[in-house]
Amino acid sequence: MAMSPSSLPATTTPHVLLIPYPAQGHVNPFLRLAKALHARGFYVTFVHTEHNHGRLLRSRGPGAVAGAAADGLRFETIPDGLPHAELDATQDIWALCEATRRECPAHVRELVERLGRTEGVPPVTCVVADGAMGFAVHVAKEMGLSAYLFFTPSACGFLGYLNFDQLVKRGYVPFKDGSCFTNGYLDTPLDWIAGMISNVRLRDFPTFIRTTDAEDTMLTINIKQCEIDAPAADGILLNTFDDLEGAALEAIRARLPNTFTIGPLGPEVSPSSYLPSLTSSLWKEDDRCVAWLDAQPADGSVVYVNFGSITVVTRGQMVEFARGLAAADSPFLWVVRPDMVRDGGEMLPVPEGFAEEVLGRGLMVGWCDQEAVLGHRATGGFLSHCGWNSTVESLRAGVPMLCWPFFSEQVTNCRYACEEWGVGVEMARDAGRGEVEAAVRELMGDGEKAAAMRRKAAEWKEKAARAVAAGGSSQLDLDRFVDEIARASTSSSS
Ligand code: UDX
């Protein structure tokens, strides 16, 4: 049975400092983890960047980040190293990775020291940092704290990153020249990657290998995270479950034995009724979505379209999506983020008059409560960029996917969703309106492929629920993690 911090002497309340990478797909699972740890009696400090803290205040008001400070879940901020900008949009991921790695170690150290001097706050005993904030492990270790890394991608995606170093050493990366992006080189099969599906290709690896520059920022940072930061951590957390990614997890554990699988980090692990005012959603959800879904008579009839928080598309691509969705006959709920169109300026990114044209059968909103949408009886398919949170939320909800990956390990998630988990079909990157229409018809139709995907999705839904139920693999691993960090804090304070 896991040791609960409440069963420890009052003088040793363990204090966990959580440091997510400052992007939507990272702060979401981290807040879930924060609430789960707080519910188990830990004192928790959640670190936002000043930029994201400002966004939460603007979109949600102070309640989003202030609610439970008195009860041991507090929010603190650090600068992210980029110039100040009051923009309600995703920051440049490349610049942010470089800036956080350069600037944040000193801020994290200063924060741990400051918390140590704050009256009524127990000293920090453990740091759980994002895999993309791996530098924090070294700061924590220098300060005598236990340190864990939570890599928010899938296990298969993380395994892809763990092989970047080998891809460089074996001469696959960096690419010889620009022609490698289009001449079939990406289809090179790799048969030596332990734990990956047998027919994995270069194109299935996180897209940061697609460079001709050996010094490329994202290539070198990812290698550092895997080769230097991860092995220095006391353990690794992943938002997945053993049944789903057994082979990849075995290969990861061969290198990083103390790996905990605690997903899906959904409402079973952290119910929405727990500290409900505390949110990590950086955009304000449009609350018309659920009422619109309620009004759809047929179960499983709606295709939900959402490309996450980072994807940007051209205005031309938006027009092709709009025309394809309108022609496909299924009602659709389409999230068009205000900062999603690269060359759209201030213009509405869907064609003029489109909202009126599809009135009643298509709803466009700027942001939604995705889990509510995926869990709604009317939702039958998800056209997704295959961000890991979206993928695992879709598996948890039993909704099959049309996969249109944009970057990073989304391409790996797409390959696994289609080939390994049987819940997805891939749509070409340059799909025009005809292909969008055909793909949506296939996903939402009565064909054999769609029926098989629905069956698989229902199976994964059940397995995901089992993993997080009492006695399930993820629940047991979360207990084991709680136990470990509680014990580490007792030994460090005795
Ligand atoms: C992605 C990948 O997750 C990550 O693995 C990769 O390394 C970088 O890019 P993102 O585009 O944010 O991040 O996608 P996703 O992982 O799917 O996360 C989006 C999160 O925002 C999900 O939790 C989703 O539920 C939430 N969301 C999204 C909403 O609540 N409402 C929306 O309208 C859209």
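These numbers come from a predicted model, not from an experiment.

### Details of the pattern of salt bridges
Here is step 1: Applying the stated criterion across every chain yields a total of 31 salt bridges.
Here is step 2: The closest approach of N and O atoms between Glu76 and Arg114, which form a salt bridge, is 3.3 Å. Within this pair, whereas Glu76 is found in strand 3 (residues 73-78), its partner Arg114 is found in helix 4 (residues 93-117), the two being separated by 38 residues in sequence.
Here is step 3: For Glu76, a relative accessible area of 10% gives the class buried.
Here is step 4: For Glu357, the salt bridge goes to Arg323, with nearest N and O atoms at 3.0 Å. In this pair, Glu357 is assigned in helix 12 (residues 354-357) and Arg323 in helix 11 (residues 315-327), connecting sequence segments 34 residues apart.
Here is step 5: On the accessibility criterion, Arg323 (27% relative accessible area) is partly exposed.
Here is step 6: Because the salt bridges share partners, they merge into one network encompassing Arg74, Glu76, Glu110 and Arg114.

### Examining the nonpolar core
Here is step 1: Judged by nonpolar contacts, the single largest core of 100 residues is most densely connected at Leu333 and Trp421.
Here is step 2: Residue contributions to this core peak at 8 residues, all from helix 4.
Here is step 3: In terms of domain composition, this core takes at least three residues from each of domain 1 (5-268 + 469-493) and domain 2 (289-465).
Here is step 4: Membership of the second largest hydrophobic core comes to 35 residues, among which are Leu33, Phe42, Tyr148 and Trp367.

### Topic: empty space enclosed by the protein
A water-sized probe, rolled over the atoms, reveals where empty space remains.
Here is step 1: All chains considered together, the criterion is met by 2 cavities of 30 Å³ or more.
Here is step 2: Estimates place the volume of the largest cavity at around 70 Å³.
Here is step 3: Along its surface, the largest cavity is lined by 13 residues, and Pro22, Ala23, Gln24, Arg55 and Thr90 are the ones closest to its centre.
Here is step 4: Broken down by class, the residue content of the lining of the largest cavity amounts to 7 nonpolar, 5 polar and 1 charged.
Here is step 5: The computed volume of the second largest cavity comes to approximately 40 Å³.
Here is step 6: Lining of the second largest cavity is provided by Ile19, Pro20, Pro22, Val27, Val47, His48, Thr49, Asn52, Ile78 and Met133.
Here is step 7: If one sorts the elements of the lining of the second largest cavity by residue count, strand 2 (residues 43-49) sits on top with 3 residues.
Here is step 8: Partitioned by chemical class, the residues of the lining of the second largest cavity number 7 nonpolar, 3 polar and no charged.

### Quick look at the sheet that holds strand 1 (residues 15-19)
Here is step 1: Reading across from one edge, 3-2-1-4-5-6-7 is the order of the 7 strands in this open sheet, with parallel pairing throughout. Since the sheet does not close on itself, it has two edges, and those belong to strand 3 and strand 7 (259-261), each with one partner. The average undirected angle you get between the axes of adjacent strands in this sheet is 25°.
Here is step 2: Across 6 bridges, strand 2 lies against strand 3 in parallel orientation. Across the sheet, the residue bridging to His48 is Thr77, located in strand 3.
Here is step 3: Packing of helix 2 (residues 50-60) onto the sheet brings it into contact with strand 2 and strand 3, and relative to strand 2 it is tilted by some 95°.

### Concerning the site of the ligand
Here is step 1: Around the ligand, a shell composed of 21 residues is seen, among which Ser309, Cys368, Ser390, Glu393 and Glu409 lie nearest.
Here is step 2: In this structure, Trp367 approaches the ligand through a side-chain N or O atom, which is 3.5 Å from a nitrogen atom.
Here is step 3: In the environment of the ligand, an oxygen atom lies 2.5 Å from a nitrogen or oxygen atom belonging to the side chain of Ser390.
Here is step 4: For the ligand, whose accessible area on its own is 660 Å², the fraction buried by protein is 95%.
Here is step 5: Elements with a contribution of two residues or more to the shell around the ligand: helix 1 (24-39) and helix 14 (388-397).
Here is step 6: Top element by residues in the shell around the ligand is helix 14. It accounts for 4 residues.
Here is step 7: Tallied by class, residues from the shell around the ligand come to 6 nonpolar, 13 polar and 2 charged.
Here is step 8: Residue assignment places the shell around the ligand across two domains, with domain 1 (5-268 + 469-493) and domain 2 (289-465) each supplying three or more.

### Thoughts on the environment of Leu96
Here is step 1: Here Leu96 is to be found in helix 4.
Here is step 2: A relative accessible area of 1% means that Leu96 is categorised as buried.
Here is step 3: In the structure, Leu96 is positioned 175 residues away from Pro271 in sequence and 31 Å away in space, judged by C-alpha atoms.
Here is step 4: Non-local contacts of Leu96, meaning those with residues more than four positions away in its chain, are made with Tyr21, Pro22, Asp80, Leu82 and Gln91.

### Things to note about the sheet that holds strand 11 (residues 379-384)
Here is step 1: Read from one edge to the other, the open sheet built from 6 strands follows the order 10-9-8-11-12-13, with strand pairing classed as parallel. Of all strands in the sheet, those with a lone pairing partner are strand 10 (362-365) and strand 13 (424-426), marking the two edges. Within this sheet the neighbouring strands show an average axis-to-axis angle of 15°, counted without direction.
Here is step 2: In this structure, strand 11 lies alongside strand 12 (residues 401-403), joined through 3 bridges in parallel fashion. Each bridged residue has a counterpart across the sheet, and for Leu383 the counterpart in strand 12 is Leu402.
Here is step 3: The strands touched by helix 11 within the sheet are strand 8 (302-306), strand 9 (332-335) and strand 11, with strand 9 carrying the most contacts at an inclination of about 165°.

### Structural notes on the domain arrangement of the protein chain
The parts lose accessible area when they come together, and the size of an interface is often stated as this lost area.
Here is step 1: Here the protein chain is described as being made up of domain 1 (5-268 + 469-493) and domain 2 (289-465).
Here is step 2: Put simply, the middle of domain 1 and the middle of domain 2, counted by C-alpha atoms, are 27 Å apart.
Here is step 3: Taken together, the contact pairs 38 residues of domain 1 with 25 residues of domain 2.
Here is step 4: Taken together, the two surfaces of domain 1 and domain 2 that pack against each other cover about 2,800 Å², and 60% of this comes from carbon and sulfur.
Here is step 5: Put simply, domain 1 and domain 2 have 3 salt bridges between them.

### Focus: the packing of aromatic side chains
Here is step 1: Inspection of the entire model under this criterion finds 25 aromatic pairs.
Here is step 2: When the ring of Phe175 is compared with that of Phe181, the centres are 5.4 Å apart and the planes differ by 55°; the resulting orientation is tilted.
Here is step 3: Among the residues examined, Phe175 registers a relative accessible area of 2% and is labelled buried.
Here is step 4: With a centroid separation of 5.2 Å and 50° between ring planes, the pair formed by Phe307 and Phe321 is classed as tilted. In this pair, Phe307 is assigned in the loop between strand 8 and helix 11 and Phe321 in helix 11, connecting sequence segments 14 residues apart. As far as burial versus exposure is concerned, Phe307 and Phe321 are alike and both buried.

Conventions we followed
- Residues numbered from 1 in each chain as written.
- Predicted model: local features only at pLDDT ≥ 70, side-chain atom pairs only at ≥ 80, totals over all residues.
- Heavy atoms only, no water.
- Salt bridge = Lys/Arg side-chain N within 4 Å of Asp/Glu carboxyl O.
- Helix = DSSP H or I, 4+ residues; strand = E, 2+ residues; numbered from the N terminus.
- Buried < 20%, exposed > 50% of the residue type's maximum accessible area, 1.4 Å probe, protein only.
- Core = buried A, V, L, I, M, F, W, Y, C linked by side-chain atoms within 4.5 Å.
- Domains from an automatic or database assignment.
- 1 Å grid on protein atoms, 1.4 Å probe; cavity = no way out; pocket = protein on both sides within 12 Å on 5 of 7 lines; lining within 4 Å.
- Points joined across faces, edges and corners; volume = space filled by probe spheres on them.
- Nonpolar A, V, L, I, M, F, W, Y, C, P; charged D, E, K, R; others polar.
- Pairing = 2+ DSSP bridges.
- Axes fitted to C-alpha atoms, helices over the stretch in contact; angles between N-to-C directions.
- Contact = heavy atoms within 4.5 Å.
- Near = heavy atom within 4 Å.
- Polar contact = N/O pair within 3.5 Å; in protein donor to acceptor, adjacent residues only side chain to side chain.
- Areas by Shrake-Rupley, 256 points an atom, 1.4 Å probe, with all protein chains shown as cover.
- Buried area = accessible area lost by both parts, 1.4 Å probe.
- Phe/Tyr/Trp six-rings, centres within 6.5 Å; stacked < 30°, edge-to-face > 60°.

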